[in-house]
Amino acid sequence: MFKIMMLPDTENFLRVVEHSRGQVLLHLPDDSRCDLKRDHTARQMLRVMRPRQEGLCISLSDARDMPAFLDYMIGSARARN
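The residue numbering used here restarts from 1 in each chain and proceeds along that chain's sequence as written. It should be noted that, the model being predicted, local features are given only for residues of pLDDT at least 70 and side-chain atom pairs only at 80 or more, the latter also being counted only at that level, while totals for whole chains, interfaces and linings use all residues. Side-chain metrics rest on all non-hydrogen atoms present in the structure, leaving aside hydrogens and water.

**Student:** Please explain the overall build of the protein as it appears in this structure.
**Tutor:** In this description a helix means any DSSP run of H or I spanning at least four residues, a strand means any run of E spanning at least two, and both kinds are numbered starting from the N terminus. Across its full length, the protein holds three helices and four strands. Its helices and strands in sequence order give the protein the pattern β-α-β-β-α-β-α, from N to C terminus. When we talk radius of gyration, it's over C-alpha atoms, and the globule rule is simply 2.2 Å times the number of residues to the 0.38. Taken against the 2.2 N^0.38 rule, which gives 12 Å for 81 residues, the C-alpha radius of gyration of the protein at 12 Å falls within 12% of a compact globule. Its C-alpha atoms give the protein principal-axis dimensions of roughly 35 × 30 × 20 Å.

**Student:** Quick question: what am I supposed to make of the packing of helix α1 (residues 10–18) against helix α2 (residues 40–48) here?
**Tutor:** Two quantities define a packed helix pair, namely the angle between the helix axes and the distance between the axes. Where helices are involved, their axes are fitted lines through C-alpha atoms of the stretch in contact, as for all axes, and angles between N-to-C directions lie from 0 to 180°. At their nearest, the axes of α1 and α2 sit 9 Å apart, and the two run at 150 degrees to each other. Judged by the angle between their axes, α1 and α2 are roughly antiparallel. Our pair here, α1 against α2, has a crossing hand that is right-handed. Residues T10, E11, F13 and L14 of α1 lie in contact with α2, whose contacting residues are R43, L46 and R47. Across the contact of α1 with α2, the residue classes break down as three nonpolar, one polar and three charged. What sets the label is the angle itself: under 35 degrees gives roughly parallel, over 145 gives roughly antiparallel, 65 to 115 gives roughly perpendicular, and the rest give oblique. If you view the pair so one helix is near and one far, a crossing is left-handed when the near helix is turned anticlockwise from the far one by less than a right angle, and right-handed when it is turned clockwise. We call two residues contacting when some pair of their heavy atoms lies within 4.5 Å. We call Asp, Glu, Lys and Arg charged. Ala, Val, Leu, Ile, Met, Phe, Trp, Tyr, Cys and Pro are nonpolar, and the rest, Gly among them, are polar.

Set out below in structure tokens:
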């Protein structure tokens, strides 16, 4: 599991989700999870919300997807500088 503290480009993040091999699970505050690849409502929530201090907790079912998410996070950090 990893945390994303900001989503400066939600659509780019959702493209990474869409192209992932496995499930991309968003961990919700009530300890439930939803698969961002399959749950349209969860994707819509991401489009309108901004991560708070706690960030967004994400887990991947396929470790081969991790490099794409790391690229997204590194690219987002570079864009802010």
